[in-house]
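Observations on the model geometry
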Amino acid sequence: MSPLRNVRSWLDDRFGWDDLVAPLRKKTVPLHRLSYWYFLGGITLFLFVIQVLTGILLLLYYRPGANEAFESVQYIMTQVRFGWLVRSIHSWSANLMIFTAFAHMFSVLFLKAYRKPRELTWISGVLLLFLVMGFGFSGYLLPWNTLAFFATKVGTEITGQVPIVGKPMMIFLRGGEDVTGATLTRFFGFHVAVLPGLATLLVLLHLLLVQRLGISIPPKLEVQWTANPSAKREMKFFPNFMLREMMAWYVALGVLGALAAVFPWNLGVKADPFVSAPAGIKPEWYFLFMFQTLKLIPPKVWFIDGDVLGVLAFGLVGLLWILLPFFESDQPSRTKRWITGLAVFALAYMAGMSVYGLLAK
Amino acid sequence: MATSDPGMTNPNDRLSAAVPRRRFVEVLLGGGFLATAAAFVYPVLRYLVPPKASDLGSDSVVAGRVGELKPNSGKIFRFGNRPGLLIRTATGEYRAMSATCTHLSCTVQYRDDLRQVWCACHNGKYDLNGRNISGPPPRPLEGFEVQVRGEEIFVRRRREA
Amino acid sequence: MAFLRNKLRPFSPARYVGLAGFVVLAACLGYGQTTNSCLDCHSALPDPLGVSQEKFSQDIHAQKGLTCASCHGGDPTSDDPDKAMSRKAGWKGKIDRKQIPQLCGTCHSDPAYIRQFNPSLRTDQLGQYRTSVHGKRLAAGDTKVAVCTDCHSVHDLRAPSDPRSTVNPVNVANTCARCHADASYMKGYSIPTDQFAKYSTSVHHQALAVRGDLSAPTCTTCHGNHGAAPPGVDKVQNVCSNCHAFQAQMYEKSSHKKAFEAASLPGCVVCHNNHAIIHPTDAKLGTGPDGVCMQCHTPGDACDQARAGLQSSLSRLDEAIKSADQVLRVAESSGMEVSEARLGQDQARDSLTKARVTIHSFRTDLVDQDIQAGLKIAANNLQAGKKAMVERNYRRVGLGMSLIAIGIVLAGLWLYVKKIES
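I will try to describe carefully the structure that is included in this document. Note that the structure is a prediction, hence the values are computed from the model and not measured. (Residues numbered from 1 in each chain as written. Chains lettered and ligands numbered in written order. Predicted model: local features only at pLDDT ≥ 70, side-chain atom pairs only at ≥ 80, totals over all residues. Heavy atoms only, no water.)

This part is about the packing of helix 6 (residues 119-141) of chain A against helix 9 (residues 181-213) of chain A. Residues and elements named next belong to chain A. As a packed pair, helix 6 and helix 9 sit with axes 9 Å apart at the nearest point and diverge in direction by 160°. Relative to helix 9, helix 6 is oriented roughly antiparallel. Every pair of crossing elements has a handedness; the one defined by helix 6 and helix 9 is left-handed. Its residues placed into classes, the contact of helix 6 with helix 9 shows 19 nonpolar, nine polar and no charged. (Axes fitted to C-alpha atoms, helices over the stretch in contact; angles between N-to-C directions. Helix = DSSP H or I, 4+ residues; strand = E, 2+ residues; numbered from the N terminus. Parallel < 35°, antiparallel > 145°, perpendicular 65-115°, else oblique. Left-handed = near helix turned anticlockwise from the far one by under 90°. Nonpolar A, V, L, I, M, F, W, Y, C, P; charged D, E, K, R; others polar.)

Let's shift gears to the sheet that holds strand 6 (residues 116-119) of chain B. All names here are of chain B. Read from one edge to the other, the open sheet built from four strands follows the order 5-6-7-8, with strand pairing classed as antiparallel. Of all strands in the sheet, those bounded by a partner on one side alone are strand 5 (109-111) and strand 8 (132-134). Strand-to-strand twist in this sheet, taken as the mean axis angle between neighbours without regard to direction, amounts to 40°. As paired strands, strand 5 and strand 6 are joined by three bridges and run antiparallel to one another. Counterpart to Arg 111 in the pairing with strand 6 is Gln 116. (Pairing = 2+ DSSP bridges.)

For the rest of this paragraph, the subject is unusual backbone geometry. Residues and elements named next belong to chain A. A cis amide bond, omega 5°, links Lys 116 with the succeeding residue Pro 117. With respect to the secondary-structure elements, Pro 117 resides in the loop between helix 5 (83-110) and helix 6. For the peptide bond that leads from Phe 238 to Pro 239, omega is 5°, which places it in the cis range. Relative to the assigned elements, Pro 239 resides in helix 11 (residues 237-262).

Taken together, the 19 residues of chain B in the interface contact 20 residues of chain A. For the pairing of chain B and chain A, the buried interface totals around 1,700 Å² over both sides, and the portion due to carbon and sulfur atoms is 62%. If you look at where chain B meets chain A, you find zero salt bridges. For the interface between chain B and chain A, the tally reads four residue pairs in polar contact (both at pLDDT 80 or more). Each residue belonging to the side of chain B that touches chain A can be placed in one class, and the counts come to 11 nonpolar, four polar and four charged. (Contact = heavy atoms within 4.5 Å. Buried area = accessible area lost by both parts, 1.4 Å probe. Salt bridge = Lys/Arg side-chain N within 4 Å of Asp/Glu carboxyl O. Polar contact = N/O pair within 3.5 Å; in protein donor to acceptor, adjacent residues only side chain to side chain.)

All names here are of chain C. The topology assignment puts Ser 254 in the loop between helix 18 (245-253) and helix 19 (255-262). Reaching out from Ser 254, the side chain makes a polar contact with the backbone oxygen of Tyr 251 at a distance of 2.9 Å. When sequence neighbours within four positions are dropped, the list of residues in contact with Ser 254 reads His 360, Ser 361 and Phe 362.

To continue, consider a negative patch on the surface. A contiguous patch of negative charge on the surface is contributed by C:Asp40, C:Asp79, C:Asp80 and C:Asp82. Turning to its location among the elements, C:Asp40 is positioned in helix 3 (residues 37-42). (Patch = residues over 30% accessible without salt bridge, like charges linked within 9 Å, V, L, I, M, F, W, Y side chains within 5 Å. Areas by Shrake-Rupley, 256 points an atom, 1.4 Å probe, with all protein chains shown as cover. Lys, Arg positive; Asp, Glu negative; His and termini not counted. Charge placed at Lys NZ, Arg CZ, Asp CG, Glu CD.)

The subject of this paragraph is the interface of chain B and chain C. Contacts between the two partners involve 29 residues from chain B and, on the opposite side, 30 residues from chain C. Here chain B packs against chain C, burying approximately 2,400 Å² in sum over the two surfaces, 67% of which is carbon and sulfur. Summed over the shared surface of chain B and chain C, the result is zero salt bridges. Counting across the interface, chain B meets chain C through four residue pairs in polar contact (both at pLDDT 80 or more). Looking at the side of chain B that touches chain C, the elements that each hand over two or more residues are helix 1 (14-48) and strand 3 (82-88) of chain B. Take the side of chain B that touches chain C: its biggest share by element is 12 residues, from helix 1 of chain B. Of the residues contributing to the side of chain B that touches chain C, the split by class is 15 nonpolar, nine polar and five charged.

All names here are of chain B. Read from one edge of the open sheet, six strands run 1-10-9-4-3-2, paired in antiparallel fashion. Both outer strands of the open sheet, strand 1 (60-65) and strand 2 (73-79), are each paired with one neighbouring strand and no more. Strand-to-strand twist of the sheet, defined as the mean angle between neighbouring strand axes without regard to direction, takes the value 30°.

A surface patch of nonpolar side chains, about 860 Å² in accessible area, is lined by A:Leu316, A:Leu319, A:Leu320, A:Leu323, A:Phe326, A:Phe327, A:Trp338, A:Leu342 and A:Phe345. Inspection of the secondary structure puts A:Phe326 in the loop between helix 13 (306-322) and helix 14 (338-359).

All names here are of chain C. The tally for this structure, following the rule as stated, stands at one disulfide over all chains. Its sulfur unpaired, Cys 268 is 3.7 Å from the next cysteine sulfur, which belongs to Cys 240. On the basis of relative accessible area, Cys 268 is assigned to the partly exposed category, the value being 23%. (Disulfide = S-S within 2.5 Å. Buried < 20%, exposed > 50% of the residue type's maximum accessible area, 1.4 Å probe, protein only.)

Turning next to the nonpolar core. Counting residues in hydrophobic clusters, the biggest one holds 97 residues, and the most contacted among them are A:Tyr62, A:Phe102, A:Leu109, A:Trp122, A:Trp144 and B:Tyr47. If you tally residues by element for this core, the top one is helix 5 of chain A, at 12 residues. Look past the residues within four positions of B:Tyr47 in its chain and what remains in contact with it is A:Leu57, A:Leu58, A:Leu60, A:Tyr61, A:Ile76, A:Val80, A:Arg81, A:Phe82, A:Gly83 and A:Val86. Counting residues in each nonpolar core, the second largest holds 15 residues, with C:Cys293, C:Ala320, C:Leu352 and C:Val367 among its members. (Core = buried A, V, L, I, M, F, W, Y, C linked by side-chain atoms within 4.5 Å.)

Residue and element names in this part refer to chain B. Tallying each qualifying case throughout the model produces 34 salt bridges over all chains. When the shortest N-O distance is used, the salt bridge between Glu 68 and Lys 75 registers 2.9 Å. Owing to a relative accessible area of 42%, Glu 68 belongs among the partly exposed residues under this scheme. For Lys 75, a relative accessible area of 22% translates into the label partly exposed.

All names here are of chain C. Closest axis-to-axis distance for the helix 18/helix 19 pair is 4 Å, and the angle between their directions is 75°. Here helix 19 runs roughly perpendicular to helix 18, going by the angle between their axes. Contacts from Tyr 251, Glu 252 and Lys 253 in helix 18 reach Ser 255, His 256, Lys 257 and Phe 260 in helix 19. Looking at the contact of helix 18 with helix 19 residue by residue, the classes come out as two nonpolar, two polar and three charged.

Next up, the structure:
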């Protein structure tokens, strides 16, 4: 113990280490029957770290380019020892991360953790969710297989539907009129440089805000606890909550390992731009609810093109979603119920549409 | 709270059991951490070691070695997950093309007596540039680029202009 | 025409030669349209005599600048039917069926004439036709047989490469069937009328009509087109060998060739049928309803034993390939990369195909060579599949150990939390 203490005091002398970690020591986590939901943010962060680490490992062998990408991933899967494990974990962890990020968002919504003063935390969180989906979209193309190729084609096509800016945006994303090797190069750049940079900044901001504001208490409980301070129960963040969080991380690791070993992510068939799209092509599951919605909108609504309408509607919903906290009254007693209703509806809609999209031909 | 551990439920043992129990937890935790660390680090270290089978990349493979083919002969090599045909013409030139017949996907071969590429399935014939010249094949065979580097003959897909 | 004469008035000729040439050309091309009085009436007449401008403009001859008068004679510049269709003006009227081949031949047998339009077009059709059953019967006075226009159509005759042409490969069988599948029309000829129905069940029809493989054989591929006649009993294998070269090579050297020739049996057709050539299976070597050997051979003789040997060899390789396939499929579905072995499976299948071809030598030693090669490849692939399964198990064991370690950490953490909180 003593060498460790020496290092600490050395660090403390140089830049005030103890002051820096003091807030962590004082930090507490409110304890109630819904406290479990507080783990989700941490798990998402953990999976993000896994993504960064396995992503760096994949970069050792991956090569972008229409002629090489597929072969290099195949090489990782077959020739590199444990390459299959690294890639499978990267793919599975990506999907789990998107799932936990969504779950985290809905838990925040239902526990009403987005209210004043946490609007910025919410905004940074929703932006992070969008970034994570961007990670998913760009990363999906990188193995350059048929499914990825056509999913990207369809996905960028939808972007092109936006009036005025859509077409230039699509060309920007594709690096040309069509999905080609140029698109792959771009997506690779987004995936390993642009998005990680933005995401790291936003994660730091998000954590800083959580740190500054403390952990939110559900409004009902807050009222009770302010009325009767003796009923207030909480847990120290460090080490008690942190150790539990670590257990959650270990469970996540176990699940990831099991998924990777039992269901290794398959590689598919190399993309060939000249073959026709396979029938019933679908995007990844987290885009499915949007995809299915766009499919259900009739081609013409009144005088507006159905696709344009759908894309605009999703854009608008996304924007309103970011701004959601500002529709909430700051009087806890007058908490509007409609936001909860909206959250339930959104959850049901997304789940329902995803399942429908999954089952639909 | 330690009573939740099913092995140590007797409250009378609490004091006497405290020390070994702490040791036990520490050993368990330390051992677990070491074991998991090993389970994570080992694959990563193995991953970092470059595999022996060098990655030629992509669209280029070693189809054969210089001197392996006599003039006026051919051989099948693996190109991605399809067969390719490497030919050394009577004048000693190397040619390479896809070995999958464009008719019904049989594997074609070089016929030294005809000096043509021939498909045994339905008597389809191609010239040494892969052009279909007789029989059922509807299209030419895809031609590949051949490069001789040192002792090895590299074949790669033609880049689209 | 007054306009034309004006233009051609010979002043300053040299300067106007180019222009004049163009005008003459334009006038000639327009000639059929502007001054073809035939269509004025015939486009309005009912069917046997009716030819519309629309229909005739589809005809390759019209497109090359020929007119009604090119075949039928007469004077299309005259609006007076009596003058236009006068024998004096060379009018021939309806061409007698017996005269049709000769009429077409006036141009199509003249290399010098045809060369002006398409130098690579053959000019031997008429000569060939005279050797065909159709041509011989026509010469003998039978006008029911096919003449040029029956197959090629008339007045809207298209080039054979045009998919709408009656003689385009995909349409040939239907064109022949118009007569040959018509039992009442064919009455009096002692040939069957079920060829088309049989052909429709064949692997060749499947390839041509369903898969759109224009190289697949249709009626004319084996019978000839202008010289249409059955290929002859002892020459069948020569016809089949055009595509099935290997099989023919084997058969040529086999004992069956002599035996079939001695018994004047029609080669390939003996086992494979003529029009109803179904995709063959290994059951052809069997003793069941699809078996063909035992039609001639006696059970238990040396040939029967060889037959049984061949059949079991084929099924042994077939099964080896299937079992390797199955292992590879399981390995693949559990995420193992076995594309190399999958590629190897194609080679094993090639060996099986080769062995099936070698059957036509009817020699067990030759077939065995292919079988052994195939078995070796299949065994390697099976091995690769099993190796992949071992690797899969290795992964699972690794996973199990990691999960145990993770479980220990979880238990340790749990106990530790309980300890510090007690």
